[in-house]
Amino acid sequence: MSIEEIIIDKVRILPPDRQQETLDFVEFLLAKIDKQGLSNQPQKSDISALTMAQEYIGCVESANDLSTNKDFLA
């Protein structure tokens, strides 16, 4: 039996006022997770800029080195 099933079975036994209290607590936990930005996705700080830009590397064609081309210096 999974944790979810055990929780559901136990909540069904509770009187309605305690079920409401349990629901309030679960919603509090979800709000706390959302506020902290916690999720199953990796934190942005855990991902390097290279990893984030990986799909765009090489997608633009230009002069070999724009840093030495005066036309591209601002």
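Before going into details, it helps to say that this report is about the structure given with it. What you see is a predicted model, and the numbers here were worked out from it, not measured in a lab. In every chain, residue numbers begin from 1 and rise along the written sequence. In keeping with the model being predicted, local features are shown solely for residues with a pLDDT of at least 70 and side-chain atom pairs are shown and tallied solely at 80 or more, while totals for entire chains, interfaces and linings include all residues. Values reported for side chains reflect all heavy atoms of the structure, with hydrogen atoms and water molecules removed beforehand.

### Things to note about the overall build of the protein
This is how the line gets drawn: Secondary structure is summarised from DSSP: a helix means a run of H or I of at least four residues, a strand means a run of E of at least two, and numbering begins at the N terminus for each. Between buried and exposed lies partly exposed: a residue is buried under 20% and exposed over 50% of the maximum accessible area for its type, with that area taken using a 1.4 Å probe on protein chains only. Note that accessible areas follow from Shrake-Rupley with a 1.4 Å probe, and for residues the cover is restricted to the protein chains shown.
Along the protein, the regular secondary structure elements total 3 helices and 0 strands. From first element to last, N terminus to C terminus, the protein shows the α and β order α-α-α. The 74 residues of the protein split such that 0% are buried. Surface accessibility of the protein: about 7300 Å² in total, with carbon and sulfur atoms responsible for 58%.

### Focus: the pattern of salt bridges
This is how the line gets drawn: We define a salt bridge as a side-chain nitrogen of Lys or Arg found within 4 Å of a carboxyl oxygen belonging to Asp or Glu.
In the structure shown here, the tally under the stated rule is 2 salt bridges. Of the charged contacts, one joins Asp 9 and Arg 12 as a salt bridge, the two residues approaching to 3.8 Å between their closest N and O atoms. Of this pair, Asp 9 and Arg 12 both sit in helix H1 (residues 3-13), 3 residues apart, which is roughly one turn of the helix. Of the charged contacts in the structure, one is a salt bridge between Arg 18 and Glu 21, with a shortest N-O distance of 2.9 Å. Separated by 3 residues within a single helix, Arg 18 and Glu 21 lie in helix H2 (residues 16-36), roughly one turn from each other. Of the residues examined, Glu 21 reaches a relative accessible area of 45% and is grouped as partly exposed.

### Considerations on the environment of Met 1
The criterion, for reference: The contact criterion used throughout is that any non-hydrogen atoms of two residues lie within 4.5 Å.
Among the secondary structure elements, Met 1 is positioned in the segment before H1. Filtering out sequence-adjacent residues up to four positions away, Met 1 remains in contact with Ile 6 and Asp 9.

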